[in-house]
Amino acid sequence: MAVEAISPDWEFDRFDDGSQKIHTEVQLKNYGKFLEEYTSQLKGIEEALDDTIGDVWDFTLDPIALQLVPHEQSSLLELIKTENKVLNKVITVYAALCSEVKKLKYEAENKFYNGLLYYGEGASDTSVVEGESQIQMGRFISFLQELSCFVSRCFEVVVNMVHQLAALYNSNKAATKIIESTGVHFQTVYEHLGELLVILITLDEIMENHTTLKDHWKMYKRLLKSVHHNPSKFAISEEKLKPFEKLLLKLEGQLLDGMIFQACVDQRFDDPGEGVSVSKNTLFAEEFGHNIRTIFANVESKLGEPSEIDQRDKYAGVSGLFVLHFHIFRTVDKKLYKSLLDVCKKKVPAVTLTANIIWFPDAFLINKVPPAAKLMDKKSLQSIRAHRDTFLQQKAQSLTKDVQSYYVFVTSWMMKMESILSKEQRPEKLAEDLSSRCNVFVQGILYAYSLSTIIKTTMNMYMSMQRPMTKTSVKALCRLVELLKAVEHTFHRRSMVVADSVSHITQQLQSQALTAIATAKKRVISDKKYSEQRLDVLSALVLAENTLNGPSTKERRLVVSLALSVGTQMKTFRDEELLPLQLVLKKLDLISELRERVKVQCDCSFLYWHRAVFPIYLDDVYDHAVDAARIHYMFSALRDSVPTMMHSKHMDSCDQLLESYDTEIMDVFKEHLLDKLCKEIEKDLRLSVHTHLKLDDRNPFKVGLKDLAHFFTLKPIRFFNRFIDIKAYVTHYLDKTFYNLTTVALHDWATYSEMRNLATQRYGLMMTEAHLPSQTLEQGLDVLEIMRNIHVFVSRYNYNLNNQIFIEKTSNNKHLNTINIRHIANSIRTHGTGIMNTTVNFTYQFLRKKFYIFSQFMYDEHIKSRLIKDIRFFRETKDESDQKYPFERAEKFNRGIRKLGITPDGQSYLDQFRQLISQIGNAMGYVRMIRSGGLHCCSSAIRFVPDLEDIVNFEELVKEEGLSEETQKAASVLDSVLGDLTSNSAEGTEYFKMLVGVFSPEFRSVKNMHLRNFYMIVPPLTVNFVEHSIGCKEKLNKKNKGGAAFTDDGFAMGVAYILKLLDQYQEFDSLHWFQAVRDKYLKEMNAVVKEQNVQATSQDEKLMQTMNLTQKRLDIYLQEFELLYFSLSSARIFFRADKTAAEETQEKKDREVTKSSATSTEGTSSESSTK
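The residue numbering used here restarts from 1 in each chain and proceeds along that chain's sequence as written. Residue-level local features of this predicted model are given only where pLDDT is at least 70; pairs of side-chain atoms are given and counted only at 80 or more, and the full residue set underlies all totals for whole chains, interfaces and linings. Note: side-chain values were computed over all heavy atoms of the structure, leaving out hydrogens and water.

If you look the protein up in an unreviewed UniProt entry, it shows as WASH complex subunit 4 from Alosa alosa.

So, in structure tokens, the structure goes:
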């Protein structure tokens, strides 16, 4: 069925009701709103990442870096393509040789120099184990073998280059000319040959200066001799030894004798087999000499100038070429020789070849070209050496000036970099902007080169000539190192913009070069005269043009320079065109390798060999804290040694070397800066807090002021794989010190918290609160101290029952220590409530020992017999004496005991027994005080809880809110703490009950029947105590207060406690002792009063006085007995004196019965409810 097309009539009516427009507006509005929100969100993210996404790169943090060097994808054969086949071949051969030299140079600089230089490093002299040096050499042999192959390869390349050049410039008329070579000078090839010779010179110099390597080599050879004598011992077959010995001899002859360069130039360059004549080739000799002179002229004009870049290295190359020329052709250009030595005298006294290896050109030229040296007079040769010394002296004097001038140069250059790179590029003035940028970049490289040369030359010359360096020179050189790193950091900070500019600048320079070449090409084409030479020139210019049309890789630049060597003959360029072209190509070289050049020039890995300057530098930074931020540059310089160390081969792994370097630098850094800083800050805080003590003069105008706060504004310093945060280090040191010292002397907590606050205010250090329980000024003796020495405490302190206070008996000071509940509470707050149980435990141990003595005393025959006699006497006479124990009997007991013996200080056995009971009582008083202190502490802790009856459950509330698991844990901890506090403050532990419960069964057992007589010894004890107490109180008014006291309730406590343990309250009460005492004294007082009344009539003064004194004495005694009675009654309340042991047991049983009945009723009610 065909579907009918809908006719246009059916289309929806085009009536516009405006709904669509409204809908569109709403959508647009929503979209606009969304965009606004999104923009603000993005802005927020950008602000949050502000530091990290800026154009500025941080040297210490970057995990990645930009590689700007373009990499050539095409081979040389593809690059060098022209119609002129012969020219192609010539250029290709030289380009290939030059590339080979560059590769060899790269390998030497990275692998071989470093491997040799670091040999023997990383093992400290003291820790070298016997045989370690031979093991190191054993590991190193394979490396030396690689080096041997490398040197052989270099020799081959030198020979090949000489042959290839000799083939082009052939003076043999019969030989066919390859290309017309008159006017063609391949200067680039000679420069590369020079570079290759410098590599060999460097290797020689390294070997020459490496005493460790030579010493180890000798040891290794000796070891090999001993192996040779006894191969079976070392499990080596003799067949293997011979070739190995041969190899060692070959290595020694080739590498270690310092004859590498000499062997190279002494090679046989004439090879009839190849049909190339070298030494007899006059044309080649002339060409060779001409190129040496040309290169030297270019180098000499630039040496010592501000625009000098790599001329010193080229000067070494020229010297090498000169020696090679002499050894091949056996002729000497005396004028050139003199010029070379003059440069050494006037401009370049020494050249740093690599790291700490310095090369003296004069010595080299004199040794290697003896015929020429003979022609020179000795005076001029000596003057060169003398000049070297004067150069050093002048350098030392001018260093500070250099620092100042370079400081200005480099900082202004940095400002230029910042301003030029942060400016927006103007499209209409693009060429102008690019050339100004190019100039600024080149200027940066020039500054880096000059700084690097000054630092390396000065430091290495001091080292090689073994001259001492002044501290001023060291500081100045370190400042220059900082400036050098500042140049590198500036390039790095602006990596993004530099990378962007470099590609544009290279294109601009290429276009300038292409314009110049195009002009010359036109000139060649317009000249109608045809010759092969003209054709070569044209081909060369075309080749240069084609090669320049592409990325500025080193291969392309090499081909261009070789092509222009051919293309510039026959006056194709005018003089005014040639110089700008050469300048453009030089700039192109610099800009294309900008990043690499900067890296090489600013590389401070040589500082590894001069790390002895680091402590002096740190002292300087410490003394001038204002610009402490410069330390970042120095650490960056020290870090440069790390990549070079990776090539060390004498260790199991280079990590050992790195580790030893890391440790060494960090130790020096700690000793000379961090620890000094910590000590100084601590000292400053201490002196500031203790200003009330008259300490040293701290007047800043006299003593000077050093603001160390600058160190705390530094960013963390990167070194190896860690960041050193000075602020965190000092903070940690202070935290640790303050914490440790507070724990040692807790009473100093206030001083240290003040020092913490001061550290925050003055230095911005965020200190950690120690969270040690702080102490109040009312600390008194610490609970821990008392607990540890409880036996000393109870004998040296008296207890007061009513005020709950302990008072020291005697003291050497003018005051006596007291201990009250507040002290104990503070102490418990310091150590936590857990200490209470420990204290009671200690008291229990102490009581056990005392009760043992107590039992022995009661068991003594003299005591036991007297007590039994007294008990019998009382039972028999109690009816007659009105149930009261006679006072006379007790007094007689007290006196009778004295007859048994007295201690040297006049104490009887009963006195000592009384003291024992007082000590037991004091211990009980201390337990009581601990409990009161605990309650006091809990109540002060819980005073912030609003309602103890209704405490909110925080854990449930937190769960309801759905907060995190950590918060829930915290809430449950809070709940348990509050629970503990409420239970503790509500009841407190019944320690007395425990101490009664633990001893009473033993006291009341049958085997301790002798203790049952105790109640009968209490009356004589009280008499003894009262006499003692009155004696102590009387001493209070005397000048010598030894043994004075006004309270000793420990005795009452002890008696009450022991009576409770023996369950003898009723027996003691049955003596009605205190009543008997009262009656006795009242009776005596009444008698005195009567006597006074009788004597009042006789008017006898003396008698009256005696009677008054007697009355007073009786009054005092009665009062003292009354006091003892009250104290004893109070003490008995603690031990439930109203109940006997039997009654207490009954009460306990009743309580348990009621409890069990209550639980059973609960059970039945719950059952009924479930039914």
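There's more to say after this.
Novice: Tell me about the overall build of the protein, residues and numbers included.
Specialist: Helix and strand counts for the protein come out as 44 helices and seven strands. Against the compact-globule benchmark of 32 Å for 1171 residues, the protein has a radius of gyration of 53 Å, which places it well outside the compact range. The rule is simple: take the accessible area with a 1.4 Å probe, protein chains only, and divide by the maximum for that residue type; under 20% is buried, over 50% is exposed, in between is partly exposed. Per-residue burial over the protein gives 46% buried out of 1171 residues. When the accessible surface of the protein is summed, it comes to about 63000 Å², and 54% of that surface belongs to carbon and sulfur atoms. Charge counting follows a simple rule: Lys and Arg are positive, Asp and Glu are negative, and His as well as the terminal groups are ignored. Think of each charge as sitting on NZ of Lys, CZ of Arg, CG of Asp or CD of Glu. In the protein, which carries 148 positive and 153 negative side-chain charges, the distance between the mean positions of the two groups comes to 7 Å. Secondary structure elements are defined from DSSP: runs of H or I of at least 4 residues count as helices, runs of E of at least 2 residues count as strands, and each element is numbered from the N terminus. Two things to know: the radius of gyration comes from C-alpha atoms, and the globule rule equals 2.2 Å times the number of residues to the power 0.38. Areas reported as accessible are Shrake-Rupley estimates using a 1.4 Å probe. Residue values count occlusion only from the protein chains shown.

Novice: So what about the nonpolar core? Which residues, and what values?
Specialist: The biggest cluster of nonpolar side chains holds 229 residues, and the ones touching the most others in it are Phe 186, Phe 669, Phe 711 and Ile 726. Per element, the largest residue contribution to this core is 18 residues, and it comes from helix 4 (residues 132-168). Excluding residues that lie within four positions of it along the chain, Ile 726 makes contacts with Phe 669, Leu 673, Leu 674, Leu 677, Phe 711, Phe 712, Leu 714 and Ile 717. Take the buried Ala, Val, Leu, Ile, Met, Phe, Trp, Tyr and Cys residues and link them wherever side-chain atoms come within 4.5 Å; each set so joined is a nonpolar core. Contacts are assigned to residue pairs that have any heavy atoms within 4.5 Å of one another.

Novice: I'd like a rundown of the side chain of Glu 808, residues and numbers included.
Specialist: Along the chain, the position of Glu 808 falls in strand 6 (residues 805-808). Think of a salt bridge as a Lys or Arg side-chain nitrogen and an Asp or Glu carboxyl oxygen that are within 4 Å of each other. Summary of buried charges: Glu 808 has no salt-bridge partner, and the nearest side chain of opposite charge, Arg 796, is 6.1 Å away. Residue contacts for Glu 808: discarding those within four places in its chain leaves Arg 796, Tyr 797, Leu 816 and Asn 817.

Novice: Report on a nonpolar patch on the surface, specifying residues and quantitative values.
Specialist: Together, Tyr 31, Phe 34, Leu 35, Tyr 38, Leu 42 and Ile 45 make up an exposed nonpolar region whose accessible area comes to about 600 Å². Inspection of the secondary structure puts Phe 34 in helix 1 (residues 19-48). In this scheme, patches are assembled from residues that exceed 30% relative accessible area and form no salt bridge. Like charges are connected within 9 Å, while nonpolar side chains (Val, Leu, Ile, Met, Phe, Trp, Tyr) are connected within 5 Å.

Novice: So what about the packing of aromatic side chains? Which residues, and what values?
Specialist: Where two aromatic rings form a pair, the distance of their centres and the angle of their planes describe that pair. Here the aromatic set is Phe, Tyr and Trp, taking the six-membered ring for Trp, and pairing holds for ring centres within 6.5 Å; pairs whose planes are under 30 degrees apart are stacked, those over 60 apart are edge-to-face, and all others are tilted. Within this structure, the stated rule accounts for 61 aromatic pairs. Members of the aromatic cluster, each reached through a chain of ring pairs, are Tyr 844, Phe 851, Phe 854, Phe 857, Phe 913, Phe 992, Phe 999, Phe 1003, Phe 1014, Tyr 1057, Phe 1134 and Phe 1135. Directly above the ring of Tyr 1125 sits Arg 1078, whose terminal nitrogen or CZ lies 5.7 Å from the centroid. Only Lys NZ and Arg CZ are tested; either one counts as a charge over a ring when it is within 6 Å of the ring centre and within 35 degrees of the ring normal. Stacked on the ring of Tyr 1081, the Lys or Arg Lys 1080 has its end atom at 4.4 Å from the ring centre.

Novice: Could you give an account of unusual backbone geometry, naming the residues involved and the relevant values?
Specialist: Even without glycine at this site, Phe 720 takes up a positive phi of about 55 degrees. The class of Phe 720 is buried, set by a relative accessible area of 16%. Its identity is not glycine, yet Asp 1063 carries a phi of approximately 55 degrees, on the positive side. Inspection of the secondary structure assignment puts Asp 1063 in the loop between helix 40 (1050-1061) and helix 41 (1065-1069).

Novice: So, the pairing of strand 1 (residues 351-354): which residues are in play, and what are the values?
Specialist: Where strand 1 lies against strand 2 (residues 357-359), three bridges are found, and the strand directions are antiparallel. Each bridged residue has a counterpart across the sheet, and for Thr 354 the counterpart in strand 2 is Ile 357. If you look at the hairpin formed by strand 1 and strand 2, you'll find two residues sitting between the two strands, and Ala 355 has a positive phi there, around 45 degrees. At least two bridges found by DSSP between two strands are what make those strands a pair.

Novice: Account for the pattern of salt bridges, with residues named and values stated.
Specialist: What the rule picks out here adds up to 47 salt bridges. Residue Glu 418 pairs with Arg 494 through a salt bridge whose shortest N-O separation is 3.1 Å. With Glu 418 in helix 14 (residues 378-422) and Arg 494 in the loop between helix 16 (471-493) and helix 17 (495-526), this pair connects stretches of sequence that are 76 residues apart. Assigned by exposure class, Glu 418 and Arg 494 land together as buried.

Novice: Quick rundown of the sheet that holds strand 6? Include the residues and the values.
Specialist: Taking strand neighbours across the sheet as the criterion, the three strands line up as 5-6-7 in an open arrangement whose pairing is antiparallel. The two strands at the open ends of the sheet, each matched to only one other strand, are strand 5 (797-800) and strand 7 (818-820). With strand direction ignored, the average angle separating the axes of adjacent strands in the sheet is 20 degrees. The pairing of strand 5 with strand 6 spans four bridges and is classified as antiparallel. Axes here mean lines fitted to C-alpha atoms, for a helix over just the part in contact, with angles spanning 0 to 180 degrees between N-to-C directions.

Novice: Tell me about the state of the cysteines, and please be specific about residues and values.
Specialist: Any two cysteine sulfur atoms lying within 2.5 Å of each other are counted as a disulfide. In this structure the tally under the stated criterion is zero disulfides. In this structure Cys 938 is a free cysteine whose sulfur lies 5.7 Å from that of Cys 937, the closest cysteine sulfur available.

Novice: Let's hear about the confidence of the model for the protein: which residues, and what values?
Specialist: As a per-residue quantity, pLDDT reports the predictor's confidence and falls between 0 and 100. Mean pLDDT over the protein: 86, with 92% of residues reaching 70 or higher. Under a pLDDT of 50 for its full length, residues 1-8 has, in the predicted model, zero contacts with residues more than four places off or in other chains.

Novice: Tell me about helix 36 (residues 954-961), residues and numbers included.
Specialist: As used in this structure description, the phrase polar contact means that two N or O atoms lie within 3.5 Å; if the pair is within protein, one of them must be able to donate a hydrogen and the other to accept it, and residues adjacent in sequence are counted only when both atoms belong to side chains. Here helix 36 starts with a cap whose side-chain oxygen sits 3.1 Å from the backbone nitrogen of Glu 955, and that cap is Asn 953. One or two residues past the end of helix 36 sits Gly 962, with phi positive at roughly 70 degrees.

Novice: Please give an account of helix 33 (residues 861-877) that cites residues and values.
Specialist: A helix is expected to reach a length of 1.5 Å times the quantity of its residues less one. With 17 residues, helix 33 should cover 24 Å at 1.5 Å per step; its first-to-last C-alpha distance of 24 Å lies within 8% of that length. For helix 33, the complete set of buried residues consists of Ile 863, Lys 864, Leu 867, Asp 870, Ile 871, Phe 874 and Thr 877. Summarising the contacts, the buried residues of helix 33 are in contact with helix 32 (834-859), helix 34 (887-899) and helix 39 (1014-1035).

Novice: Lay out the environment of Glu 78 in plain terms, naming residues and giving numbers.
Specialist: Summarising the element assignment, Glu 78 is placed in helix 2 (residues 76-79). Note on Glu 78: relative accessible area 47%, which makes it partly exposed. In sequence terms Glu 78 and Leu 483 are 405 residues apart; their C-alpha atoms lie 44 Å from each other.

Novice: Lay out empty space enclosed by the protein in plain terms, naming residues and giving numbers.
Specialist: A pocket, in this scheme, is an open set of points on a 1 Å grid over the protein atoms alone with protein on both sides within 12 Å along at least 5 of 7 lines, while a cavity is a set where a 1.4 Å probe fits but cannot get out; residues line either one if an atom lies within 4 Å of a point. Grid points are joined across faces, edges and corners, and a volume is the space filled by probe spheres set on the points. Counted under the stated rule, the structure contains one cavity of 30 Å³ or more. Of the volumes computed, that of the largest cavity is approximately 70 Å³. In terms of lining, the largest cavity is formed by Leu 66, Leu 68, Phe 491, Ser 495, Val 498, Ala 499, Leu 594, Arg 595 and Val 598. Of all the secondary structure elements, the ones that give two or more residues to the lining of the largest cavity are helix 17 and helix 21 (594-601).

Novice: Requested: an account of the side chain of Asp 911, with residues and values cited.
Specialist: Locating Asp 911 in the fold gives a position in helix 35 (residues 909-941). On the basis of relative accessible area, Asp 911 is assigned to the buried category, the value being 9%. In terms of polar contacts, Asp 911 uses its side chain to reach the backbone amide nitrogen of Ser 908, at 3.1 Å. Beyond its immediate chain neighbours, meaning those up to four positions away, Asp 911 contacts Arg 898, Gly 906 and Asn 1024.

Novice: Break down the pairing of strand 6 for me, with residues and values.
Specialist: Burial along strand 6 is two-sided: Ile 805 and Ile 807 and Phe 806 and Glu 808, pointing in opposite directions, are all buried. What sits between the antiparallel neighbours strand 5 and strand 6 is a turn of four residues, in which Gln 804 has the positive phi angle 45 degrees.

Novice: Could you give an account of the packing of helix 35 against helix 38 (residues 991-1003), with specific residues and numbers?
Specialist: Axis angle and axis distance: for two packed helices, these are the angle between their axes and the distance between the axes, and together they describe the pair. Direction vectors running N to C along helix 35 and helix 38 enclose 145 degrees, while the axes themselves pass 9 Å from each other. Facing Met 924, Val 927, Arg 928 and Arg 931 of helix 35, the residues of helix 38 in contact are Tyr 991, Phe 992 and Leu 995. A per-class count over the contact of helix 35 with helix 38 returns five nonpolar, no polar and two charged. When residues are sorted by character, Ala, Val, Leu, Ile, Met, Phe, Trp, Tyr, Cys and Pro go into the nonpolar class, Asp, Glu, Lys and Arg into the charged class, and all the rest, Gly among them, into the polar class.

Novice: Go over the packing of helix 16 against helix 22 (residues 614-623), please, and point to the residues and values.
Specialist: Where helix 16 contacts helix 22, the two axes come as close as 10 Å, and the packing angle between them is 85 degrees. Taken together, the axis directions place helix 16 and helix 22 in an arrangement best described as roughly perpendicular. Listed contacts from helix 22 to Lys 471, Val 474, Lys 475, Cys 478 and Glu 482 of helix 16 are Ile 616, Tyr 617 and Asp 620. A per-class count over the contact of helix 16 with helix 22 returns four nonpolar, no polar and four charged. When describing relative orientation, an angle under 35 degrees is termed roughly parallel and one over 145 degrees roughly antiparallel, while 65 to 115 degrees is termed roughly perpendicular and anything else oblique.

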